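Here's the letter readout for the chains.
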Amino acid sequence: MEKYLIDNNTISSFFSALLSETAMAFIASVIDETPILSVITEIEALSWISHDKTKEQTIKEFVADATILALSPEIVAECVRLRRSRKIKTPDAIIAATALVHDLTLISNDKGFENIPRLKLIDPFTL
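Remember, predicted model here, so these are calculated numbers, not experimental data. (Residues numbered from 1 in each chain as written. Predicted model: local features only at pLDDT ≥ 70, side-chain atom pairs only at ≥ 80, totals over all residues. Heavy atoms only, no water.)

### Digging into the environment of Asp-103
Applied cut-off: Helix numbering and strand numbering both begin at the N terminus, where a helix is a DSSP run of H or I of at least 4 residues and a strand a DSSP run of E of at least 2. Polar contacts here mean pairs of N or O atoms no more than 3.5 Å apart (in protein, one a potential hydrogen donor and the other a potential acceptor; neighbouring residues in sequence count only if both atoms are side-chain atoms).
Mapped onto the secondary structure, Asp-103 falls in the loop between helix H6 (90-101) and strand S4 (105-107). Looking at Asp-103, its side chain comes within polar contact range of the side chain of Lys-120, at 2.9 Å.

In structure tokens, the structure reads:
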């Protein structure tokens, strides 16, 4: 069974209903399982500020229900390898390394993740 790592832009697009009906259904099915997030995505999601406090609460509850993958020596080593081999921001390298180390498919529309060897990637905007 395929397991997925959800990026912050996917969370934002899902909870703002910006995705196609197919993508919304797919993300909902991924979330129905225990959603998996990188610690970086947890930080990004919980840092989001909205005038709509209900939406902020929804995000807090979503993160609280998620499995958060912390930094490990293996993720750090993979992150360093990625940063030495390509131009990639540290937070993105940590997210990509987390997906690679845990053999997860990353759901993101961030173009910075394209062409990373071995990284399985789904852009929700293409569903």
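### Here's the deal with helix H4 (residues 53-65)
Condition: Expected span of a helix, by definition, is 1.5 Å for each gap between consecutive residues, and there is one gap fewer than residues. Between buried and exposed lies partly exposed: a residue is buried under 20% and exposed over 50% of the maximum accessible area for its type, with that area taken using a 1.4 Å probe on protein chains only. Each direction from the helix axis to a C-beta atom contributes to the arc, which is the arc of those directions. Whether two residues touch is decided by their heavy atoms; if any such pair falls within 4.5 Å, the residues are in contact.
In a regular helix each residue adds 1.5 Å, so 13 residues correspond to 18 Å; H4 covers 18 Å between its end C-alpha atoms and thus fits that length. Buried within H4 are the following residues: Glu-56, Ile-59, Phe-62 and Val-63. Down the axis, H4 shows its buried residues gathered within 120° of arc, on one side only. Exposed and oriented more than 90 degrees from the buried face of H4 are Lys-53, Thr-54, Ala-64 and Asp-65. Buried residues in H4 make contact with strand S1 (4-6), helix H1 (8-15), helix H2 (21-32), strand S2 (36-38), helix H3 (39-47) and strand S3 (67-69). N-cap assignment for H4: the residue whose side-chain oxygen lies 3.0 Å from the backbone N of Thr-54 is Asp-52.

### Here's the deal with the pattern of salt bridges
Our working definition: What counts as a salt bridge is simple: a side-chain nitrogen of Lys or Arg found within 4 Å of a carboxyl oxygen of Asp or Glu.
Counted according to the given criterion, the structure contains seven salt bridges. Between Lys-53 and Glu-56 there is a salt bridge; the shortest N-O distance is 3.2 Å. Separated by three residues within a single helix, Lys-53 and Glu-56 lie in helix H4, roughly one turn from each other. Taking relative accessible area as the criterion, Lys-53 reaches 53% and is therefore assigned exposed.

### Some remarks on the packing of aromatic side chains
The criterion, for reference: The rule is short: rings of Phe, Tyr and Trp, with Trp giving its six-membered ring, pair when the centres are within 6.5 Å, and they are stacked under 30 degrees, edge-to-face over 60, tilted in between.
For the coordinates displayed, the defined rule picks out three aromatic pairs. A centroid spacing of 5.3 Å and a plane angle of 90° characterise the contact between Tyr-4 and Phe-26, whose relative ring orientation is edge-to-face. Here the residue Tyr-4 occupies a position in strand S1, and Phe-26 occupies one in helix H2, the gap between them amounting to 22 residues. Using a relative accessible area of 18% as the deciding quantity, one classes Tyr-4 as buried. Judged by centre distance (5.3 Å) and plane angle (70°), the ring pair of Phe-15 and Phe-62 falls under edge-to-face. Residue Phe-15 is located in helix H1, and its partner Phe-62 is located in helix H4; the two are separated by 47 residues in the primary sequence. Members of the aromatic cluster, connected to one another through ring pairs, are Phe-14, Phe-15 and Phe-62.

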